[in-house]
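Structural characterization, general
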4 protein chains.
Amino acid sequence: MSAKAKIGVLGASGYTGAELVRLLLHHPQVEIALLTADRRAGKPMADVFPQFAPYQLPVLTSVEQAEWAALKLDLVFCALPHGTTQKVIKDLMARAPATRVVDLSADFRLSDPAAYARWYGHEHFAPELQQRAVYGLTEVYRDQIKAARLVANPGCYTTCAELPLIPLLKAKAIDPDEIVVDAKSGMTGAGRAAKEEMLFSEVSEGFHAYGVGHHRHMAELDQEFSKAAGREVVVTFTPHLVPMNRGILSTIYVRDAKASAQDLHAILSKCYANEPFVHVLPFGATPQTRHVRGSNMTFIGVAADRIPRRAIIGSALDNLTKGASGQAVQNMNVMLGLPEEAGLEQVALFP
Amino acid sequence: MSAKAKIGVLGASGYTGAELVRLLLHHPQVEIALLTADRRAGKPMADVFPQFAPYQLPVLTSVEQAEWAALKLDLVFCALPHGTTQKVIKDLMARAPATRVVDLSADFRLSDPAAYARWYGHEHFAPELQQRAVYGLTEVYRDQIKAARLVANPGCYTTCAELPLIPLLKAKAIDPDEIVVDAKSGMTGAGRAAKEEMLFSEVSEGFHAYGVGHHRHMAELDQEFSKAAGREVVVTFTPHLVPMNRGILSTIYVRDAKASAQDLHAILSKCYANEPFVHVLPFGATPQTRHVRGSNMTFIGVAADRIPRRAIIGSALDNLTKGASGQAVQNMNVMLGLPEEAGLEQVALFP
Amino acid sequence: MSAKAKIGVLGASGYTGAELVRLLLHHPQVEIALLTADRRAGKPMADVFPQFAPYQLPVLTSVEQAEWAALKLDLVFCALPHGTTQKVIKDLMARAPATRVVDLSADFRLSDPAAYARWYGHEHFAPELQQRAVYGLTEVYRDQIKAARLVANPGCYTTCAELPLIPLLKAKAIDPDEIVVDAKSGMTGAGRAAKEEMLFSEVSEGFHAYGVGHHRHMAELDQEFSKAAGREVVVTFTPHLVPMNRGILSTIYVRDAKASAQDLHAILSKCYANEPFVHVLPFGATPQTRHVRGSNMTFIGVAADRIPRRAIIGSALDNLTKGASGQAVQNMNVMLGLPEEAGLEQVALFP
Amino acid sequence: MSAKAKIGVLGASGYTGAELVRLLLHHPQVEIALLTADRRAGKPMADVFPQFAPYQLPVLTSVEQAEWAALKLDLVFCALPHGTTQKVIKDLMARAPATRVVDLSADFRLSDPAAYARWYGHEHFAPELQQRAVYGLTEVYRDQIKAARLVANPGCYTTCAELPLIPLLKAKAIDPDEIVVDAKSGMTGAGRAAKEEMLFSEVSEGFHAYGVGHHRHMAELDQEFSKAAGREVVVTFTPHLVPMNRGILSTIYVRDAKASAQDLHAILSKCYANEPFVHVLPFGATPQTRHVRGSNMTFIGVAADRIPRRAIIGSALDNLTKGASGQAVQNMNVMLGLPEEAGLEQVALFP
């Protein structure tokens, strides 16, 4: 591809939108041709994210105004809220058949219409697209992503838990009925909507769980773990909020009668040996979110529990990068035939 | 007791020492008569903790200089490092038979000499005292504490996990072999020693586990859970560091074939109905550390997991207050026959 | 006063409301008889501030429902938004002539109707009360506060700057035309309204000034400094936001041809020698907000600049305590003839 | 230059060392050939900074072991402590005449031997190099830097204050005797040494000034401001610590009888119109440190004070990037004839 690919970002005034712009500005083979933010249409991007003031970027427009056919975009990232997403993507894909889409919402992640209706309380608005969407966990579905027109980018919690667990379930190395995922996320995972419980003074200097026993990411975990295990899997999953901006750490409790913690470590090390964005730490080492901050990297650690035949797995990623926009760019690279690491070379920002 | 009780604080330059002074300055029936801090001996307390500048307090001295008999202290809080503690307390108790001691270190928490030697790598230096020490989890051991001369104040992680789990184990309402404690602590739990990994820039904006599979608080958990269950109990326990000063949240995964999550909630609600410092939230509600910050309160929540017959318990306390110095003052009150809440009425500081 | 004073708190769902409840729950001579929070009327206080769950408190009601005459309140704290305040207080004071009021809003702080109209863009709705309100900087106006029916509790920034500067201006020890106040505040000063710029992710890990050249607290500073100097004073004042919950530090640059920095220190030390809530540090020492967190204390430090005849003054307080609700309780104590320190003995919570 | 330049980093275990590695790993035209860290010699870089685990880097060695002549390095970054620096650089420059040096310490910033001796308490150990060192404020000394063999990289506070003030002093647009710099820095500016006052629990949730009236960066400010003004300039400067990792904001109070705030804005806008790493915001806008985090950018804002003929300037940069390692890489690019922005294209990481 000699000319730069033309890219659109829908929902540029949110955090995943800003993260996409941060990464794409870097990317040598793409050009940002469209930025939308409905309530801020007509304003420069620097008004909603001043860090972009020194850069040339398209003025924000509204999704309504976008003439999909005329824009001739190679790929669109959709970072819109649940619900809106389905309608916008359906319309876009009808009008611009050559444009491909990476959707960062949860709208196309579940392939089972019944599961979707159960978790979201209504029938899907674009069931035919739902069937065709490819789940964008790059390391697992790379081949399907290459050919996909619509990629459903995974959630941040789910990416963090699936990268270590899918290979172990596939290898039948852990008991699928005995998985506990205790997950802790930074605040950017909750987005930029102005809600009382997300104010600085409500979040700093404290820690708590939320959505105990019921969180929509569970549907995604069930789907992928069941697929990997070849049978139904339901996990215990508890999300928590950490007073920090970026990062998810999942502490995962697994067990098996046959495999030792070292065996699990060996399986993961082998599986990810050549992956640029998954790094398995030496046995017994524990990952920290700060060491992947701002990068597209996932760090995985495996340690033995003191109780025999149980292991404790740590998985850390940046929820905005590998957990959202970074993986979206990685998927774009795969879809457009670009080098998979293009635009994603940033080393973590620590301290 | 008409005159105020005379109290000493050994190790006043650490965080638990400062927390003791904060609480005792408030207490209507005690007087701080001795403050030690070996490396700062001769300095005013305001030099090591400027918040005390407006108050009258004894000048810091060294433990060596303390003439235990002449001081005629009613009670001494010992907030010294591991090892030193055993020698200092042995000497103090020999020289001042009327002085009672609440020890905040881990030195006297394990009653089994063999367990102590296994976890700490050496024989106990004061095995006869080790036998006589009473474990200071006030709500559980109140009667023994009343009569004790030496109370071993529990650890912060252990208090947080034991308060919800001991009643459930005693009631045989949960499976003792299937307990996972995923614990998250603020930084003050690590003390005031200047170590690289505790620097602001190493801790803020990140999250990680530590001591995975091996942490000394496990010994204390084993002892107390086994006692409660009437059989050997070994739990899975993983501590994490939260970028905040104060607070521990334990997310505890339990299960049982017979008891439902509601049953567990009912047991805890009944058990703690009249306790001033343990508050069981309505079923399904989840505690936050910020709502107990600076107070001696423990908040406990019980919710059902989506997997049948499993429950998720949250337990939150301030590691420096109920997790250390607050419980120590509570124990002092019990030992000296003072109202148990005296000096501990502070409402949590939120926001 | 043998029976406990009956107290009302209007606006209990905001941070200053919660801080009032925290302090009053402690206070031995008052009883909380009314809590209002219009949007939360009918709910328990624990729903909006879970830290109060263990305590007995009146259910939240709306201001509309309050029958001022029948309630027979001794004193009402008004922590309502600008505008609403004037109408509510006018009505309350008309209906319940024996009830006294401490208003925490800015509505009654300016005594000059013209200044009020200029800064707030409209005529005052209760000009007769505006004239009668006493400015509640306790250390300066204690005698008038004793007799006042309506006290206008000062702002947090203004209290922090006025406590060091008023005595120096009165003593004509500094040049009134050469005062620069560079102020830094924690986030709770901005209240609990859900605004994008107050989200955790917008505030943490960063620092900035706001309201440069124009901030409503300037009107209050002008009024009090001019009164103290006996001539018009206009200061340079820049507020900043610190990623922390509580605390204001003002760094104040002053100068004079005659007085040295030591002279300024001597004036302040003498002035505040017997004040319970203002502590002047040794010459050259600099205050930290963490050392007054949660307490009603103000710490003041004076140091010499390296440029001759210039001094740098630091002033630190907790914006919710001495900067708002603590000083309001202090004023209540003065108004009701209670010991001025009652309910305000808490030592700062550090760490 | 067709082959990649060979680069060394001395002091790779500190924060400025890690930041150099982060930036150089990105840089298309250089190769990291040497990393030293005396106490960690023999270990992989990932042991001291785990974020580098996925990358190929030289094993850490000690400075002593470095054979300067044999290494044939094109350029060395020296991020060593004060004192050590002078001896190491003297030796290195004698043994490897073709190797150029960017020193990040304060050792070569002062060109006047008398000023050096006064501020540091001893004669300079390499006075002949002190004379030849070029002060590395790139935007001001670009031409001299090109030809320099030894560049003294400026301090973080000084870069932040000098970028807005040097052009104004050169233009004689402000009164050189009336400059107040109130500066606020994140914690990484204090380095990675384990000191009690830098612990998380000592720094979070609080704010304070330090070094009031005396701070070594003053010497550097005096030198550069005097040079720019063509007369002696002494400024008032107060540094503060913000509970955040990265970022400096300087709030600068200036005045002049002739120039208005708009004039000052116009001068700075014109001066920096074509500079890639200095961005002047629209008049009246105020910079935030978070919008330059992790980037080499400086954001400058100018606003009018409400007092006539006074202006308030805000200047924000990342102390580890433009305030240290980023500017060092910028200087390297200038010295080696590489594109000045190479390796420095990262957009700020916000949120």
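Keep in mind the model is a prediction, meaning the values are calculated, not measured.

Remarks on the overall build of chain A
Counting secondary structure elements, chain A contains 12 helices and 13 strands. A compact globule built from 351 residues should have a C-alpha radius of gyration of about 20 Å, and chain A, at 20 Å, falls within 12% of that. The principal-axis extent of the C-alpha atoms belonging to chain A is close to 60 × 45 × 40 Å. Among the 351 residues that make up chain A, the fraction classed as buried is 62%. Summarising the internal contacts of chain A: among those between residues at least 6 apart in sequence, 72% fall at separations of at least 24.

Focus: the relation of the copies chain B and chain A
Structural alignment of chain B on chain A gives an RMSD of 0.0 Å, achieved by rotating through 180° and translating 0.0 Å along the axis. One copy is carried onto the other by what is essentially a two-fold rotation axis. Interface overlap between copies: 100% of the residues of chain B at the interface are likewise at the interface in chain A, consistent with a symmetric, same-surface contact.

Focus: the interface of chain B and chain A
Reports of interface size often rely on the accessible area that becomes lost once the parts have come together. Listed as interface residues are 40 residues of chain B and, on the opposing side, 40 residues of chain A. Looking at the side of chain B that touches chain A, the elements with two or more residues in it are strand E7 (180-185), helix H9 (200-203), strand E8 (208-209), strand E9 (236-241), strand E10 (248-255), strand E12 (298-304) and strand E13 (310-317) of chain B.

Focus: the sheet that holds strand E2 (residues 30-36) of chain C
Residue and element names in this part refer to chain C. On the basis of which strands lie adjacent, the open sheet formed by 6 strands has the order E2-E1-E3-E4-E6-E5 and parallel pairing. Edge strands, defined here as strands with exactly one partner in the open sheet, are E2 and strand E5 (134-135). Pairing geometry for strand E4 (residues 100-103) and strand E6 (residues 150-152), over 3 bridges, is parallel. The residue bridging valine 102 from the neighbouring strand is valine 151, located in E6.

Brief notes about the domain arrangement of chain A
Residues and elements named next belong to chain A. When cut into domains, chain A gives domain 1 (5-152 + 322-336) and domain 2 (157-319). One C-alpha centre belongs to domain 1, the other to domain 2; they are set 25 Å apart. Those elements giving two or more residues to the side of domain 1 that touches domain 2 turn out to be helix H5 (113-120), helix H7 (138-147) and helix H12 (321-336). No other element matches H12, which puts 6 residues into the side of domain 1 that touches domain 2. A class-by-class count of the residues in the side of domain 1 that touches domain 2 yields 8 nonpolar, 6 polar and 3 charged.

Here's the deal with the nonpolar core
Residues Val9 of chain A, Val9 of chain B, Val9 of chain C together with Val9 of chain D are the most contacted members of the largest nonpolar core, which totals 498 residues. Excluding residues within four positions of it along the chain, valine 9 of chain C makes contact with Gly17, Leu20, Val21, Ile32, Leu34, Leu35, Phe77 and Ala79 of chain C.

Some remarks on the pairing of E7 of chain B
Residues and elements named next belong to chain B. A large share of E7 lies buried, amounting to 6 of its 6 residues. Covered by surrounding structure in E7 are Val180, Asp182 and Lys184 together with Val181, Ala183 and Ser185, the residues of both alternating faces. Across 6 bridges, the pairing between E7 and E9 is parallel. Following the sheet pairing, aspartate 182 is matched in E9 by threonine 238. Pairing of E7 with E10, which is carried by 6 bridges, proceeds in the antiparallel orientation. Looking at E10, one finds that lysine 184 is bridged to leucine 249.

Considerations on the sheet that holds strand E2 (residues 30-36) of chain A
Residues and elements named next belong to chain A. Reading across from one edge, E2-E1-E3-E4-E6-E5 is the order of the 6 strands in this open sheet, with parallel pairing throughout. Edge positions in the open sheet fall to E2 and strand E5 (134-135), since each of these has one partner strand only. Judged from the 6 bridges that link them, strand E1 (residues 5-10) and E2 form a sheet pairing that is parallel. In the sheet register, glycine 8 faces E2, and the bridge partner there is leucine 34. Packing against the sheet, helix H4 (residues 84-95) makes contact with E1, strand E3 (75-78), strand E4 (100-103) and strand E6 (150-152), and its axis sits at approximately 170° to E4.

A few points about unusual backbone geometry
Following phenylalanine 350 of chain B, the chain continues to proline 351 of chain B via a peptide bond in cis, the omega torsion being 0°. Of note, proline 351 of chain B is situated in the segment after helix H12 (321-336). Not every positive phi belongs to a glycine, and lysine 172 of chain D is a case in point at roughly 50°. Relative to the helices and strands, lysine 172 of chain D resides in the loop between helix H8 (156-170) and strand E7 (180-185). Here lysine 172 of chain D falls in the partly exposed class, since 14 other C-beta atoms lie within 10 Å of it.

Details of the environment of proline 176 of chain A
Residues and elements named next belong to chain A. Positionally, proline 176 belongs in the loop between helix H8 (156-170) and strand E7 (180-185). Measuring from C-alpha to C-alpha, the distance between proline 176 and glutamine 346 comes to 35 Å, with 170 residues separating the pair along the chain. Setting aside its immediate chain neighbours within four residues, proline 176 contacts Leu169, Phe225, Ala229, Arg231 and Val233.

Digging into the interface of chain C and chain D
Counting residues at the interface gives 40 residues for chain C and 40 residues for chain D. Secondary-structure elements contributing two or more residues to the side of chain C that touches chain D are strand E7 (180-185), helix H9 (200-203), strand E8 (208-209), strand E9 (236-241), strand E10 (248-255), strand E12 (298-304) and strand E13 (310-317) of chain C. Taken together, the residues of the side of chain C that touches chain D sort by class into 17 nonpolar, 14 polar and 9 charged.

Thoughts on the packing of helix H1 (residues 15-26) of chain D against helix H12 (residues 321-336) of chain D
Residue and element names in this part refer to chain D. H12 packs onto H1 with a crossing angle of 45° between their chain directions and a minimal axis gap of 9 Å. Overall, the two elements H1 and H12 adopt an arrangement that is oblique. Handedness of the H1/H12 crossing: right-handed. Touching Thr16, Glu19, Leu20, Leu23 and Leu24 of H1 are Thr321, Ala324, Ser325, Gly326, Ala328 and Val329, all from H12. Among the residues forming the contact of H1 with H12, the class breakdown is 6 nonpolar, 4 polar and 1 charged.

About the cut-offs
- Residues numbered from 1 in each chain as written.
- Chains lettered and ligands numbered in written order.
- Predicted model: local features only at pLDDT ≥ 70, side-chain atom pairs only at ≥ 80, totals over all residues.
- Helix = DSSP H or I, 4+ residues; strand = E, 2+ residues; numbered from the N terminus.
- Rg over C-alpha atoms; globule rule 2.2 N^0.38 Å.
- Buried ≥ 20, exposed ≤ 12 C-beta atoms within 10 Å, placed from the backbone.
- Contact = placed C-beta atoms within 7 Å.
- Least-squares fit on C-alpha atoms with pLDDT ≥ 70 in both.
- Pairing = 2+ DSSP bridges.
- Domains from an automatic or database assignment.
- Nonpolar A, V, L, I, M, F, W, Y, C, P; charged D, E, K, R; others polar.
- Core = buried A, V, L, I, M, F, W, Y, C linked by C-beta atoms within 7 Å.
- Axes fitted to C-alpha atoms, helices over the stretch in contact; angles between N-to-C directions.
- Parallel < 35°, antiparallel > 145°, perpendicular 65-115°, else oblique.
- Left-handed = near helix turned anticlockwise from the far one by under 90°.

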